[in-house]
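Breakdown of the fold
Read off the chains here:
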Amino acid sequence: MNRIESLFNSTANTIWGLFAKRPPEDLLRNVKLVAHRGVHESGIAKENSREAFQIAIDNKLWGIEFDVRWTKDNVPVIHHDEDCSRIYNCPRVIADSTFAELRQEVPDIMSLEEAIQSYSQKIVFMIELKETLRGQTVREEKLAKVLGRLIPRKHFYLLALDAQILESVLFVSKKAMINVGLRSFSTPIKQALVFGYG
């Protein structure tokens, strides 16, 4: 998010806060708190890191949202950006690196498999796929295998900013998929109704 988007977002949140009414208690009991990229605000931890995930668990949040990118050798790793510059001060591009090369330069980067082993029984995963699986049989098979021990809608949901990415995932029920709207909610809501997303 650039500075203008951030300022707009902060302003919108402030205005919303001035006019929003407190929801009834029965509705508040059903609210699910999700830590976006784990708990990392104010430099408490790096986003999408073990520390950020553990803080979310320690604070009894319902879920964590995180991003999945693919290495050159088709290992799903947890990282938002295409490269590691912003978070790890390393210019390595994830898609151009094998997992071994990436791990050598960025030892703290986590694979999806590692996250599942460490956290999947403690918190719900909101997994944002950054790339389509269409035409990527090896990636789809690897993702299906890694997520295979988990129960969709109990342990995880798949998210994407583009419905085409969700449509490329054939091994998970659409009820465990959420199309996320970046600037407009009307399109994702319509797509959810048409495609049956959860």
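Right above here is the structure, for reference.
Residues numbered from 1 in each chain as written. Predicted model: local features only at pLDDT ≥ 70, side-chain atom pairs only at ≥ 80, totals over all residues. Heavy atoms only, no water.

1. Description of the overall build of the protein
Tallying secondary structure elements over the protein gives 9 helices and 7 strands in all. Against the compact-globule benchmark of 16 Å for 198 residues, the protein has a radius of gyration of 17 Å, which places it among compact chains. Based on the C-alpha atoms only, the size of the protein along its principal axes is roughly 50 × 40 × 35 Å. In the protein, once contacts between residues fewer than 6 apart in sequence are set aside, the share between residues at least 24 apart is 55%. Accessible surface computed for the protein: about 11,800 Å², of which carbon and sulfur atoms make up 56%. (Helix = DSSP H or I, 4+ residues; strand = E, 2+ residues; numbered from the N terminus. Rg over C-alpha atoms; globule rule 2.2 N^0.38 Å. Contact = heavy atoms within 4.5 Å. Areas by Shrake-Rupley, 256 points an atom, 1.4 Å probe, with all protein chains shown as cover.)

2. Some points on unusual backbone geometry
With a phi angle near 60 degrees, Lys-60 is a residue other than glycine that sits in the positive phi range. If you check the backbone angles, Asn-89 has positive phi at about 55 degrees while not being a glycine. In this fold, Asn-89 is placed in the loop between helix H4 (85-88) and helix H5 (99-105). You can call Asn-89 exposed: its relative accessible area is 72%. (Buried < 20%, exposed > 50% of the residue type's maximum accessible area, 1.4 Å probe, protein only.)

3. Overview of the packing of aromatic side chains
We describe a pair of aromatic rings using the distance from one ring centre to the other and the angle between the two ring planes. Overall, the coordinates contain 4 aromatic pairs when judged by the stated rule. Between Trp-62 and Tyr-157, the aromatic rings sit 6.4 Å apart at their centres with planes inclined by 45 degrees, giving tilted as the arrangement. A residue pair is termed long-range when its members are at least 10 positions apart, and Trp-62 in the loop between helix H3 (50-58) and strand E2 (63-70) and Tyr-157 in strand E6 (residues 156-160) qualify at 95 residues. By relative accessible area, which is 14% here, Tyr-157 ends up buried. Pairing Phe-66 with Phe-125 gives two aromatic rings, centres 5.0 Å apart and planes at 80 degrees, and the pair type is edge-to-face. Of the two residues, Phe-66 sits in strand E2 while Phe-125 sits in strand E5 (residues 124-129), which places them 59 residues apart along the sequence. Take Phe-66 and Phe-125: they sit in the same class, and that class is buried. One aromatic cluster is present, formed by Phe-53, Phe-66, Tyr-119 and Phe-125 through successive ring pairs. (Phe/Tyr/Trp six-rings, centres within 6.5 Å; stacked < 30°, edge-to-face > 60°.)

4. A short note on the environment of Ile-116
Tracing the backbone through its elements, the reader meets Ile-116 in helix H6 (residues 112-119). For Ile-116, a relative accessible area of 4% puts it in the buried group. Separated by 51 residues in the primary sequence, Ile-116 and Glu-167 place their C-alpha atoms 23 Å from one another. In this structure Ile-116 touches Phe-125, Val-146, Leu-147, Arg-149 and Leu-150, once residues within four positions along its chain are discounted.

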